[in-house]
Amino acid sequence: MQLNRRRFLLGAAVAATCVAAGRPVLARHIAAGPVARTEPVTETFFGQSITDPYRWMETATDPDWQPWLRANEAHAGSVLEALPGYGDMRARLRELSAGFTRSSLPYDFGSRLIYLSQPPRSGWPVVMEQQARQTRVLYDPGSVNGMAGQVSVEFWVASPDGRHMILGLGEGGTEEAVIYVLDLQTGALLADRIPRCLAPSPHWLEDGSGFFYTQLGTGIRGTLDYRADIRCRFHRLGDDPLEDRIILARGLDEAVQIDVHDTVAVQVYAGSRRALAVTSTLVTKGVWFADLDDVLAGTPRWQPIFDPRQGAPDFYLDGDSLWVWGAIDDTESVVSRLDLTSPVPFREEVLATLSGGLISQSTFADDGLYLTVDGGSTSQLFHVPREGDGREIELPMGAAINDVAYGYQRRSVFVHLSTWLEPASAWQFKATSGFRRLTLSQDPNIDTAGYRVINDVAIARDGAEVPVTIITPRDLTLDGRAPCLVRAYGAYGQSIKADFDPMGLALLERGGIVVVAHVRGGGEKGRSWWRAGLGTTKPNTWRDLIDVCEHLIQEGWTTSARLAILGGSAGGIAVGRALTERPDLFGLVCARAGVLNPLRFESEPNGLANVPEFGSLTSEEGFAGLVAMDTLHHITDGVRYPTVLLSHGDNDTRVATWHTAKVAARLRAAGAPDSGPVLFRVAFDSGHLVESVDDEIANSVDLYALLLNLARS
């Protein structure tokens with residue numbers, strides 16, 4: 001994620017001496033990082049006082065804020081870039097990424113495929129066209145005038161007639177987009193420009209004449225009300241966007257209940273003359289329907305299907321039938337069909353029941369619904385037809401499904417498959433002929449024959465069996481000397497699925513191992529696994545991680561001094577609390593854009609949507625859960641902490657940069673004199689997500705070079 005490398009001269013001379021001598025850089029040789037001012041703020045919740053020494057960091061306009069961030073980036077850069085082997089590691093990562101092109105699933109228009117492809121070393125994907133086995137770049141988003149920073153494609157939607165494509169282009173990692181419309185015949189942009197747009201993706205009318213889109217209100221980025229009063233508008237191609245009719249907004253229609261921070265959208269579907277109004281937070285939805293003609297005329301009569309307080313499953317509108325699917329308890333999921341022409345409550349027909357795993361991806365084709373179900377680190381594909389029994393479709397290899405989409409005239413289905421040691425590949429499935437691999441890009445020239453994947457299990461302290469994936473050189477000797485990187489996430493029921501990482505080979509070929517701890521809070525073992533790491537049960541998440549790491553040491557894979565843990569975003573809770581609960585267990589702890597101060601999550605724009613996952617300060621139970629998972633408030637004076645590598649994008653709109661900044665400052669202030677250094681990378685042109693190959697290289701070289709140096713020392 002980190003680009004703008006900045007050096008800070010303090011400490012550079014010492015580091016350069018170590019490089020010249022060819023010795024590892026030891027913690028005691030590294031100059032201490034920047035010290036932050038403290039302005040304690042104390043609050044009392046349910047009789048318990050909580051003091052935050054760095055509340056001032058939440059004020060982006062504070063005159064000390066940006067200088068402090070820049071001093072941290074300069075300090076971290078001077079230390080990391082002077083590590084022995086840093087340059088060699090960066091060069092090797094560039095070699096491994098060269099020739100590695102990532103491609104999306106295509107839009108299929110018969111003899112013509114349109115898809116996104118991100119070439120090696122590119123900062124953003126380009127729009128590709130493949131026709132008669134000839135491939136060309138149809139459009140490069142980096143050519144848009146006025147895009148001064150790093151470009152990102154937030155969403156892209158082709159019109160059903162294949163004539164146009166909506167491109168939601170952002171920059172600087174903010175995830176806020178300007179809508180452009182690309183002519184898919186000429187490769188030129190239309191004059192239409194619509195600013196301040198957000199996911200979810202727009203929905204085209206079936207004739208391609210216009211689309212519904214979601215747009216921010218008047219909130220300012222970085223404030224609590226940034227995502228307040230989001231509205232949905234309709235744009236007809238060629239019209240002035242300033243005149244676009246607001247279709248859905250808080251207070252516009254009393255039939256549709258919209259809260260101030262809800263995301264709203266209007267969705268339309270091929271073959272149906274109805275439209276759906278959808279309101280949502282991160283995990284809850286409300287759904288209404290109305291005649292599409294009335295919606296376009298500005299006179300909708302919205303009728304409820306799912307009340308927001310009830311929540312809604314996933315769905316697809318097929319004519320007058322609404323297909324719905326989702327979990328009904330901890331072990332089973334159901335696919336059913338609602339007849340919207342019947343009286344309320346709508347007549348419902350159950351079409352299929354699935355046991356085990358969590359439904360992940362879906363697409364609707366001419367012959368029914370296709371669903372992917374995650375279990376462990378791999379996936380299954382199921383087909384539920386309009387009539388008759390559903391069935392599992394055997395995949396061409398044991399793999400994870402990362403995406404699924406319908407093909408031409410909905411008569412086929414595309415799937416994106418990946419394994420731990422093979423590059424991702426796109427496949428087309430037809431009921432009449434089975435699977436066929438697509439060639440959207442060249443496979444990289446990478447040999448993984450010298451490595452293997454081991455599926456292991458660690459027994460947690462309460463007896464739970466935690467799945468563990470170990471990627472290791474085949475000839476590795478179990479003598480405890482391997483540098484070991486353990487990844488964990490454990491939130492929202494999301495599984496860490498098999499995904500090939502070419503850059504991880506740089507660690508493996510140096511005798512290291514890469515491990516994934518499938519901790520509770522994820523979806524690897526179904527809905528119950530998620531709920532066992534949710535809210536007040538969240539301690540299971542980081543304690544599973546601790547127990548997995550102890551298991552690895554006991555089995556002879558590594559030692560504490562050679563052990564690193566890595567978590568990003570909500571995975572910051574897992575690694576942050578593992579750090580504070582067992583600081584002696586790790587040689588290195590790395591958190592990227594981590595949720596490290598969740599007690600304050602509700603004070604930032606994206607925090608309110610996460611209340612169902614983490615809890616709320618408005619209840620005593622919620623407060624207790626948030627305190628338990630808060631890294632900042634578990635850092636203790638005088639404790640010896642290991643080396644800590646933190647990173648964050650300054651434009652992050654999902655997890656505020658101050659989560660990481662506060663923890664960096666507190667660790668430096670509290671740690672015992674023999675603690676490891678606290679290195680805080682700040683990317684000033686980036687947000688929450690890694691957008692480019694250079695971003696990935698920057699993240700990986702810091703982590704791998706530091707881990708290998710710590711292992712040697």
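Residues numbered from 1 in each chain as written. Predicted model: local features only at pLDDT ≥ 70, side-chain atom pairs only at ≥ 80, totals over all residues. Heavy atoms only, no water.

(A) Examining the overall build of the protein more closely. Regarding its fold elements, the protein presents 12 helices and 38 strands. Counting only C-alpha atoms, the protein reaches 75 × 60 × 55 Å along its principal axes. Residues counted as buried form 59% of the 713 residues belonging to the protein. Carbon and sulfur atoms make up 48% of the accessible area of the protein, which amounts to about 28300 Å² in all. Looking at the protein, you have 65 positive and 87 negative side-chain charges, and the mean spots of the two groups are 5 Å apart. (Helix = DSSP H or I, 4+ residues; strand = E, 2+ residues; numbered from the N terminus. Buried < 20%, exposed > 50% of the residue type's maximum accessible area, 1.4 Å probe, protein only. Areas by Shrake-Rupley, 256 points an atom, 1.4 Å probe, with all protein chains shown as cover. Lys, Arg positive; Asp, Glu negative; His and termini not counted. Charge placed at Lys NZ, Arg CZ, Asp CG, Glu CD.)

(B) The pattern of salt bridges, seen in detail. Counted by the stated rule, this structure contains 44 salt bridges. Its salt-bridge partner being glutamate 509, residue arginine 510 comes within 3.3 Å of it at the nearest N-O pair. Relative accessible area serves as the criterion here: at 36%, arginine 510 is assigned to the partly exposed category. Taking the relative accessible area as the measure of exposure, glutamate 509 reaches 33% and is therefore partly exposed. Here the residues in one salt-bridge network are Glu43, Asp52, Arg55, Glu58, Arg600 and Lys662, joined through shared partners. (Salt bridge = Lys/Arg side-chain N within 4 Å of Asp/Glu carboxyl O.)

(C) Structural context of the state of the cysteines. Counted under the stated rule, the structure contains 0 disulfides. Lacking any disulfide linkage, cysteine 197 is separated from the closest cysteine sulfur, that of cysteine 232, by 10 Å. In this model cysteine 549 remains outside any disulfide bridge; the closest cysteine sulfur is found in cysteine 484, 7.0 Å from its own. (Disulfide = S-S within 2.5 Å.)

(D) Representation of the packing of aromatic side chains within the structure. Within the structure shown, the criterion is met by 17 aromatic pairs. Measuring from ring centre to ring centre gives 6.4 Å for tyrosine 370 and phenylalanine 429, while their planes differ by 65°; the resulting arrangement is edge-to-face. Residue tyrosine 370 is found in strand 24 (residues 368-375), and its partner phenylalanine 429 is found in strand 29 (residues 425-430); the two are separated by 59 residues along the sequence. Residue tyrosine 370 shares its accessibility class with phenylalanine 429, and that shared class is buried. These aromatic residues form a ring-pair network of at least three members: Tyr269, Tyr316, Trp323 and Phe364. It is arginine 410 that lies over the ring of tyrosine 406; its NZ or CZ is 3.7 Å from the centre. (Phe/Tyr/Trp six-rings, centres within 6.5 Å; stacked < 30°, edge-to-face > 60°. Lys NZ or Arg CZ within 6 Å of the ring centre and 35° of its normal.)

(E) Examining the sheet that holds strand 26 (residues 391-393) more closely. Strand order in this open sheet of 4 strands is 23-24-25-26, and the pairing throughout is antiparallel. Every other strand in the sheet has two partners, leaving strand 23 (358-365) and strand 26 as the edge strands with one partner each. Put simply, the sheet's adjacent strands are angled 30° from each other on average, direction ignored. Relative to strand 24, strand 23 runs antiparallel, the two sharing 6 bridges. Bridged to phenylalanine 364 within strand 24 is leucine 369. (Pairing = 2+ DSSP bridges. Axes fitted to C-alpha atoms, helices over the stretch in contact; angles between N-to-C directions.)

(F) Structural context of the packing of helix 3 (residues 86-97) against helix 12 (residues 693-712). Packing of helix 3 against helix 12 brings their axes to within 9 Å, and their N-to-C directions diverge by 140°. Classified by the angle their axes make, helix 3 and helix 12 are oblique. In this structure, helix 3 crosses over helix 12, and the sense of that crossing is right-handed. Only Val693, Ile697, Ser700, Val701, Asp702, Tyr704, Ala705 and Leu708 of helix 12 make contact with helix 3, whose side of the interface consists of Tyr86, Met89, Arg90, Leu93, Arg94 and Ser97. (Parallel < 35°, antiparallel > 145°, perpendicular 65-115°, else oblique. Left-handed = near helix turned anticlockwise from the far one by under 90°. Contact = heavy atoms within 4.5 Å.)

(G) Local environment of the side chain of histidine 518. Assignment of secondary structure puts histidine 518 in the loop between strand 34 (513-517) and helix 6 (527-531). Under the relative-accessibility criterion, histidine 518 is labelled buried at 2%. Leaving out residues up to four positions away in the same chain, histidine 518 has contacts with Ser377, Val466, Pro467, Val468, Thr469, Ile496, Glu524 and Trp529.

(H) Examining the nonpolar core more closely. Residues Met57, Trp68, Val486, Leu545, Ile565, Phe586 and Leu646 are the most contacted members of the largest nonpolar core, which totals 115 residues. Ranked by residues supplied to this core, first place goes to helix 12 with 10 residues. Apart from residues lying up to four places away in sequence, tryptophan 68 is in contact with Pro34, Val35, Ala36, Met57, Ala661, Ala664, Ala665, Arg668 and Phe680. Within the second largest apolar cluster, 28 residues are counted, among which are Val278, Val287, Phe346 and Val373. (Core = buried A, V, L, I, M, F, W, Y, C linked by side-chain atoms within 4.5 Å.)

(I) View of the environment of threonine 186. Inspection of the secondary structure assignment puts threonine 186 in the loop between strand 10 (177-183) and strand 11 (189-204). Assessed through its relative accessible area of 56%, threonine 186 is described here as exposed. Each C-alpha atom, one on threonine 186 and one on glutamine 131, is 15 Å from the other, the two residues being 55 residues apart in sequence. Here alanine 188 takes part through its backbone nitrogen, which lies 3.2 Å from a polar atom of the side chain of threonine 186. (Polar contact = N/O pair within 3.5 Å; in protein donor to acceptor, adjacent residues only side chain to side chain.)

(J) Just the side chain of aspartate 62, in detail. Of note, aspartate 62 is situated in the loop between strand 2 (48-52) and helix 2 (65-80). A polar atom in the side chain of aspartate 62 sits 2.9 Å from the backbone nitrogen of aspartate 64. Each residue touching aspartate 62, except ones within four places of it in the same chain, is listed here: Arg37 and Trp56.

(K) Quick look at unusual backbone geometry. A cis amide bond links alanine 199 to the next residue, proline 200, at an omega of 15°. Checked against the element boundaries, proline 200 lands in strand 11. In the segment running from valine 344 into proline 345, the intervening peptide bond is cis, with an omega of -5°. Along the chain, proline 345 turns up in the loop between strand 21 (332-339) and strand 22 (347-355). In this structure, arginine 196 takes a positive phi of about 60° despite not being glycine. Tracing the backbone through its elements, the reader meets arginine 196 in strand 11. Here serine 569, not a glycine, exhibits a phi torsion of approximately 60°, which is positive. Here serine 569 shows up in the loop between strand 35 (563-568) and helix 8 (571-581).

(L) Spotlight on the pairing of strand 9 (residues 164-171). With 7 of 8 residues buried, strand 9 lies mostly within the body of the structure. Two elements, strand 8 (residues 151-158) and strand 9, share 7 bridges in a ladder whose sense is antiparallel. When the bridges of strand 9 are listed, phenylalanine 155 appears paired with glycine 168. Sheet analysis places strand 9 next to strand 10, joined by 6 bridges and oriented antiparallel. Note on strand 10: the bridge partner recorded for glycine 168 is isoleucine 179. Turn length for the strand 9-strand 10 hairpin, with the two strands adjacent in sequence and antiparallel, is 5 residues, and the turn residue glycine 172 shows positive phi of about 75°.

(M) Inspection of the sheet that holds strand 37 (residues 643-649) at higher detail. With mixed pairing, 8 strands are arranged side by side in an open sheet as 31-32-34-33-35-36-37-38. Each of the sheet's edge strands pairs with one partner strand only, and the pair in question is strand 31 (451-459) and strand 38 (678-683). Strand-to-strand, the axes of this sheet are offset by a mean angle of 20°, without reference to chain direction. As paired elements, strand 33 (residues 484-488) and strand 35 share 4 bridges and run parallel to each other. Residue arginine 487 lies in a different strand from strand 35, and its bridge partner there is leucine 566. Contacting strand 31, strand 32 (465-473), strand 33, strand 34 and strand 35, helix 7 (residues 539-554) crosses the sheet at an angle of about 120° to strand 31. Relative to the sheet, helix 12 contacts strand 33, strand 35, strand 36 (588-592), strand 37 and strand 38, its axis offset from that of strand 36 by approximately 170°.

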